[in-house]
Amino acid sequence: PTFMHTLEEDRLAYGGMNVVSDIMTTKSGERMMWPTIDDSANSGALVAESGTPTLVDPTFGEVQWTAYKYSSGEIKVTRELIEDNTVNLVSRIAGLLGTRLGRLENSVFTNADGTNKPTGLMSVVPTGVTAVGTAAILFDEIIDLEHSVDPARRGEGCSYMMNDSTLKLLRKLKDSDGRYLWQAEANAGTPGTLNGYGYTINQDMASAAVSAKPITFGQHKAFKIRRVNGLRLVVTDELYARTDEIGFFAWVRIDSNLLDAGDNPVTCLTMAAA
């Protein structure tokens, strides 16, 4: 049969974490340590003449990253299909493998618990405000979430992150006169900012439900993603030479963690418990 020259692909949204986070690429995967110091609770003190100053130590800590290996899974294709197609199938397959890993990475960077795997943001982000409802969000709670981040952090670079269901929930909030609180901007009817801050859609985040954490706010660059040499694509025709097929698969080595010296650069809104 005749093939069309374009290939229709599914376009379900994924991602978010690779957009807002700080990505560190290293040549090797040895353990990497980042020291932290928290002296925010301490200040100087008045001392009498010949007096002895009080010993006040800061709190030292460290955050670490290693490298965990993930695979895209394999795609096996007959040589005839490779030779006879008209849609540059090889490059499309490479794109599919990259998308698989991107989808996986976003899930890991969002929700992984750090036990023999990367540490996802939602497993360590502190609660900035707890909603009064189990499924509804008040606009006042959005403001409270912003102010749960210290003013030293609450400036340029701060943003929100949520999934599309939460975005829809916020867009439907109205005042007592039935007017929408969040006005659409010139962006296909979707607001571009929330209270002047940008937002990122992350479909791996939870929706508003009992005890869920549907929204984060703050300096998301404090979440550090570690990559070892980027994505590695493998193409093999020797493994399946008897059946004249070609195998494609890809690998990444990654880790992630939130760099927090104690000042909570990112916080979240947590829904009320049942």
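Residues numbered from 1 in each chain as written. Predicted model: local features only at pLDDT ≥ 70, side-chain atom pairs only at ≥ 80, totals over all residues. Heavy atoms only, no water.

Caption draft 1: Broad picture of unusual backbone geometry. Residue serine 211 is not a glycine yet carries a positive backbone phi of 65°. Tracing the chain through its elements places serine 211 in the loop between strand 8 (198-201) and strand 9 (215-218). The phi dihedral of aspartate 244 falls on the positive side, at around 55°, and the residue is not glycine. Here aspartate 244 shows up in the loop between strand 11 (232-236) and strand 12 (245-258). (Helix = DSSP H or I, 4+ residues; strand = E, 2+ residues; numbered from the N terminus.)

Caption draft 2: Molecular detail of the environment of lysine 69. Counting through the fold element by element, lysine 69 comes out in strand 4 (residues 68-71). Separated by 48 residues in sequence, lysine 69 and lysine 117 place their C-alpha atoms 9.1 Å apart. If near-sequence neighbours (up to four positions away) are discounted, lysine 69 is found in contact with Arg232, Trp251, Val252 and Arg253. (Contact = heavy atoms within 4.5 Å.)

Caption draft 3: Examining helix 5 (residues 139-146) more closely. Taken together, the buried positions of helix 5 are occupied by Phe139, Glu141, Ile142, Leu145 and Glu146. Each buried residue of helix 5 sits inside an arc of 155° when the element is viewed along its axis, so together they form one side. Looking at the buried side of helix 5, the elements it contacts are strand 6 (127-130), strand 7 (159-162), helix 6 (164-171), strand 9 and strand 13 (266-270). (Buried < 20%, exposed > 50% of the residue type's maximum accessible area, 1.4 Å probe, protein only. Arc of directions from axis to C-beta.)

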